[in-house]
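Now for the letters of each chain:
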Amino acid sequence: MAIDTELFKRVMGHFLTGVTVVTTRSQEQIAGITVSSFCSLSLDPPLVLVCIDLSSNTLPLLRESKIFAVNILSAQQEHLSRGFATNTPERFEHFCHAPYHTATTGAPILDDTQAFIDARIVAEYPGGDHAILIGAVEDLGANNSLAQAAQNGHLPTEEPHPLAYYQGQYRHLASNYHKPSLSEETYDNKLERRLG
């Protein structure tokens, strides 16, 4: 049965995703691309995967450099998601004017993101009109602005939220809703039974 492309996109749009920018450095050239097809793959060894469109200008640089950083964007960084998704001189010549630093591999890590994963490409697989790149994690980190604020004697107003994408639109998470995951509930129930 042939699957209609537009229907496929609409149905897949019902899966809420985070938004990342995958960056790389090949010799002196830096590049980035907005990616929602990213996930953890393995804990032992720590591996992640990203899927890159075969027509992307960034893919040859990723293949050449064999490194990438996954930058998990905050809700305040929607402009970076939009910028790294366009085909403009701002992206290709000016890296969207995004400030960055590096960790282990030398791939650019965007400042003030929710978190980052710095990885070395260990495998590539075909994925239809995308390339599936497997990265061995060399370094990683999360935004520790809450810890820094507490150390400086400031009371943070709220934890920064990730940028989300759902049904073709950017979304922000509600800050007043939190429910423990199943594993946390199970742990609490076991603890109550032991103590009760």
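Above this text you will find the structure in question.
Since we're looking at a predicted model, the values are computed, not measured. (Residues numbered from 1 in each chain as written. Predicted model: local features only at pLDDT ≥ 70, side-chain atom pairs only at ≥ 80, totals over all residues. Heavy atoms only, no water.)

All right, on to the sheet that holds strand S2 (residues 20-26) then. Spatial ordering of the open sheet is given by S3-S2-S6-S9-S10-S5-S4, a layout of seven strands whose pairing is antiparallel. Each end of this open sheet is capped by a strand with a single partner; those strands are strand S3 (29-35) and strand S4 (38-43). Between one strand axis and the next, the sheet turns by 35° as a mean value, whatever way the strands run. (Pairing = 2+ DSSP bridges. Helix = DSSP H or I, 4+ residues; strand = E, 2+ residues; numbered from the N terminus. Axes fitted to C-alpha atoms, helices over the stretch in contact; angles between N-to-C directions.)

For the structure shown, the criterion picks out two aromatic pairs. Centroid distance Phe-84 to Phe-95: 5.0 Å. Interplanar angle 70°. Geometry classified as edge-to-face. Within this pair, whereas Phe-84 is found in the loop between helix H3 (78-83) and helix H4 (89-92), its partner Phe-95 is found in the loop between H4 and strand S7 (100-101), the two being separated by 11 residues in sequence. Assigned by exposure class, Phe-84 and Phe-95 land together as buried. Relative to Tyr-100, the ring of Phe-95 has its centre 5.4 Å away and its plane inclined at 75°; by these criteria the two rings are edge-to-face. (Phe/Tyr/Trp six-rings, centres within 6.5 Å; stacked < 30°, edge-to-face > 60°. Buried < 20%, exposed > 50% of the residue type's maximum accessible area, 1.4 Å probe, protein only.)

Taken as a whole and judged by the stated rule, the model has three salt bridges. For the salt bridge of Glu-124 with Arg-63, the shortest nitrogen-to-oxygen distance reads 2.6 Å. In this pair, Glu-124 is assigned in strand S9 (residues 115-127) and Arg-63 in helix H2 (residues 59-65), connecting sequence segments 61 residues apart. Judged by relative accessible area, Arg-63 falls into the partly exposed class, the value being 37%. (Salt bridge = Lys/Arg side-chain N within 4 Å of Asp/Glu carboxyl O.)

As a further point, take the pairing of strand S10 (residues 130-142). Examined bridge by bridge, strand S5 (residues 46-53) and S10 share seven bridges and lie antiparallel to one another. Following the sheet pairing, Leu-49 is matched in S10 by Ile-134. Alignment of S9 against S10, held across 12 bridges, turns out to be antiparallel. Note on S10: the bridge partner recorded for Glu-124 is Leu-133. Where S9 folds back on S10, the antiparallel hairpin that results is connected by two residues, among which Gly-128 adopts a positive phi of roughly 65°.

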